[in-house]
Amino acid sequence: MTAGQPMDTYRNRTSGNIMKSYFCKYIPPRPDFFATMTPVETNVMSDRDAWQTTLLNHGLIAAHGSVDDADGRYDVVIYTVATYDDVRDVTAEDPLIRSGIGSYQIFDMPVLRTL
């Protein structure tokens with residue numbers, strides 16, 4: 001993780017805890033955001049990709065990607081953390097959110113099965 005809470009904070013919180021999964025829908029600031037990003041937004045998106053890859057490699061993200069919807073593209077991230085507070089804290093560290101570009105909707109996932 002870059003700024004904010006270090007990765008170890010989340011690891012320490014989750015040691016020995018039952019992990020929960022959260023479906024997080026990134027809501028871009030405008031429907032055509034992914035097609036019309038400014039140079040600043042493009043740079044922040046690049047930072048976000050590197051940040052998400054780090055979280056994926058450390059097991060905090062189960063999956064992430066983009067969804068094309070009739071109303072426009074948006075991103076989804078499935079976080080695996082101990083509590084709702086953890087997912088709220090980690091999504092607040094998303095470079096796009098820290099830059100004031102868009103927002104998240106967070107949903108509890110009662111069941112998540114992966115390979």
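Our subject is the structure listed above.
Now for a look at the structure at hand. Quick caveat, the model's predicted, so the values are computed rather than measured.

Turning our attention to the overall build of the protein chain. For the protein chain, the count of helices and strands is four helices and four strands. Shown N-terminal to C-terminal, the secondary structure of the protein chain runs as helices and strands in the order α-β-α-β-β-α-α-β. Per-residue burial over the protein chain gives 35% buried out of 115 residues. Relative to all contacts within the protein chain whose residues are 6 or more apart in sequence, the contacts with residues 24 or more apart total 69%. Accessible surface computed for the protein chain: about 6,500 Å², of which carbon and sulfur atoms make up 53%.

The subject of this paragraph is helix 3 (residues 84-92). Of all the positions in helix 3, only Asp86, Val87, Val90 and Thr91 are classed as buried. Taken down its axis, helix 3 places every buried residue within 125° of arc, on the same side.

This part covers the nonpolar core. Within the largest apolar cluster, 19 residues are counted, with the highest numbers of intra-cluster contacts made by Tyr26, Phe33, Leu55, Tyr79, Val87 and Leu96. Elements supplying a minimum of two residues to this core: strand 1 (20-27), helix 2 (39-57), strand 3 (72-81) and helix 3. Of all the elements, helix 2 adds the most residues to this core, at four residues.

Counted according to the given criterion, the structure contains eight salt bridges. Taking the shortest distance from any N to any O, the salt bridge between Arg88 and Asp85 comes out at 3.1 Å. Remark: Asp85 and Arg88 occur in helix 3; sequence separation between them is three residues, near one turn of the helix. By relative accessible area, Asp85 is classed as partly exposed at 41%.

We now examine the packing of aromatic side chains. Where two aromatic rings form a pair, the distance of their centres and the angle of their planes describe that pair. Per the stated rule, a full pass over the model turns up four aromatic pairs. Measuring from ring centre to ring centre gives 6.2 Å for Tyr22 and Tyr84, while their planes differ by 70°; the resulting arrangement is edge-to-face. Placement of the pair is Tyr22 in strand 1 and Tyr84 in helix 3, with a sequence separation of 62 residues. On the accessibility criterion, Tyr22 (3% relative accessible area) is buried. Owing to a relative accessible area of 41%, Tyr84 belongs among the partly exposed residues under this scheme. Taking the centre distance of 6.1 Å and the plane angle of 50° together, the rings of Phe23 and Phe107 count as tilted. Placement of the pair is Phe23 in strand 1 and Phe107 in strand 4 (residues 103-109), with a sequence separation of 84 residues.

About the cut-offs
Residues numbered from 1 in each chain as written. Predicted model: local features only at pLDDT ≥ 70, side-chain atom pairs only at ≥ 80, totals over all residues. Heavy atoms only, no water. Helix = DSSP H or I, 4+ residues; strand = E, 2+ residues; numbered from the N terminus. Buried < 20%, exposed > 50% of the residue type's maximum accessible area, 1.4 Å probe, protein only. Contact = heavy atoms within 4.5 Å. Areas by Shrake-Rupley, 256 points an atom, 1.4 Å probe, with all protein chains shown as cover. Arc of directions from axis to C-beta. Core = buried A, V, L, I, M, F, W, Y, C linked by side-chain atoms within 4.5 Å. Salt bridge = Lys/Arg side-chain N within 4 Å of Asp/Glu carboxyl O. Phe/Tyr/Trp six-rings, centres within 6.5 Å; stacked < 30°, edge-to-face > 60°.

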